[in-house]
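Chain residues, written in single-letter form:
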Amino acid sequence: MVDEMGKDAFNRIMEGLEDALAYANGDRSRGRETRIELPIPDVAVLRAKLGLTQQEFASYCKVSVRTIQNWEQGRRLPEGPARVLLTIIDKEPQAVRRALEAA
């Protein structure tokens, strides 16, 4: 039974990998892509909401003060993981604080 379960799992994994490769090569019939568009956060408002200085917020986000200043002044926009982190900080600041304190 374990061998049969192992074969079944292997076959499903292989099918998934083949689907992923086909999709990456342009065959859209074998997979689907889900994109989530996150709004550009207003970093100054978010920071003020938490009652943090730029230095404290930079430390909280694990980025430089210059990065916070650039985001707040619109010279740069948070991208990718930074935008996700800022969204989570906005929605669940205590969860982020707990996670960072545990690390």
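Treat the numbers as computed from the prediction; the structure is a model and nothing was measured.

Digging into the overall build of the protein chain
Scanning the protein chain from terminus to terminus reveals 6 helices and 0 strands. Reading the protein chain from its N end, one meets helices and strands in the order α-α-α-α-α-α. Along the first, second and third principal axes, the C-alpha atoms of the protein chain reach 60 × 35 × 20 Å. The buried share of the protein chain, reckoned over its 103 residues, is 20%. Partitioning the contacts of the protein chain with sequence separation of at least 6, the portion at a separation of at least 24 is 49%. Per element, the accessible surface of the protein chain, about 7900 Å² overall, is 54% carbon and sulfur. Considering the protein chain, the positive charge centre built from 16 side chains and the negative charge centre built from 16 side chains are found 9 Å apart.

As for a nonpolar patch on the surface
Taken together, Phe-10, Ile-13, Met-14 and Leu-17 make up a surface patch of nonpolar side chains, about 390 Å² in accessible area. As for its position among the elements, Met-14 is in helix α1 (residues 2–24). Using a relative accessible area of 32% as the deciding quantity, one classes Met-14 as partly exposed.

A closer look at the nonpolar core
Core analysis: the largest hydrophobic core is formed by 13 residues, its most contacted members being Phe-57, Tyr-60, Leu-86 and Ile-89. Contributing elements (two or more residues each) for this core: α2 (43–50), α3 (54–61), α4 (65–72) and α5 (80–91). Setting aside chain neighbours within four positions, we find Leu-86 in contact with Pro-41, Val-43, Leu-46, Phe-57, Cys-61, Trp-71 and Pro-78.

Observations regarding the pattern of salt bridges
Under the definition given, this model contains 6 salt bridges. Its salt-bridge partner being Lys-49, residue Asp-90 comes within 2.6 Å of it at the nearest N-O pair. With a gap of 41 residues between them, Asp-90 in helix α5 and Lys-49 in helix α2 connect regions that are remote in the sequence. Overall, Asp-90 belongs to the partly exposed group, its relative accessible area being 29%. Through salt bridges with shared partners, a single network forms among Lys-49, Asp-90 and Lys-91.

The rules we used
Residues numbered from 1 in each chain as written. Predicted model: local features only at pLDDT ≥ 70, side-chain atom pairs only at ≥ 80, totals over all residues. Heavy atoms only, no water. Helix = DSSP H or I, 4+ residues; strand = E, 2+ residues; numbered from the N terminus. Buried < 20%, exposed > 50% of the residue type's maximum accessible area, 1.4 Å probe, protein only. Contact = heavy atoms within 4.5 Å. Areas by Shrake-Rupley, 256 points an atom, 1.4 Å probe, with all protein chains shown as cover. Lys, Arg positive; Asp, Glu negative; His and termini not counted. Charge placed at Lys NZ, Arg CZ, Asp CG, Glu CD. Patch = residues over 30% accessible without salt bridge, like charges linked within 9 Å, V, L, I, M, F, W, Y side chains within 5 Å. Salt bridge = Lys/Arg side-chain N within 4 Å of Asp/Glu carboxyl O. Core = buried A, V, L, I, M, F, W, Y, C linked by side-chain atoms within 4.5 Å.

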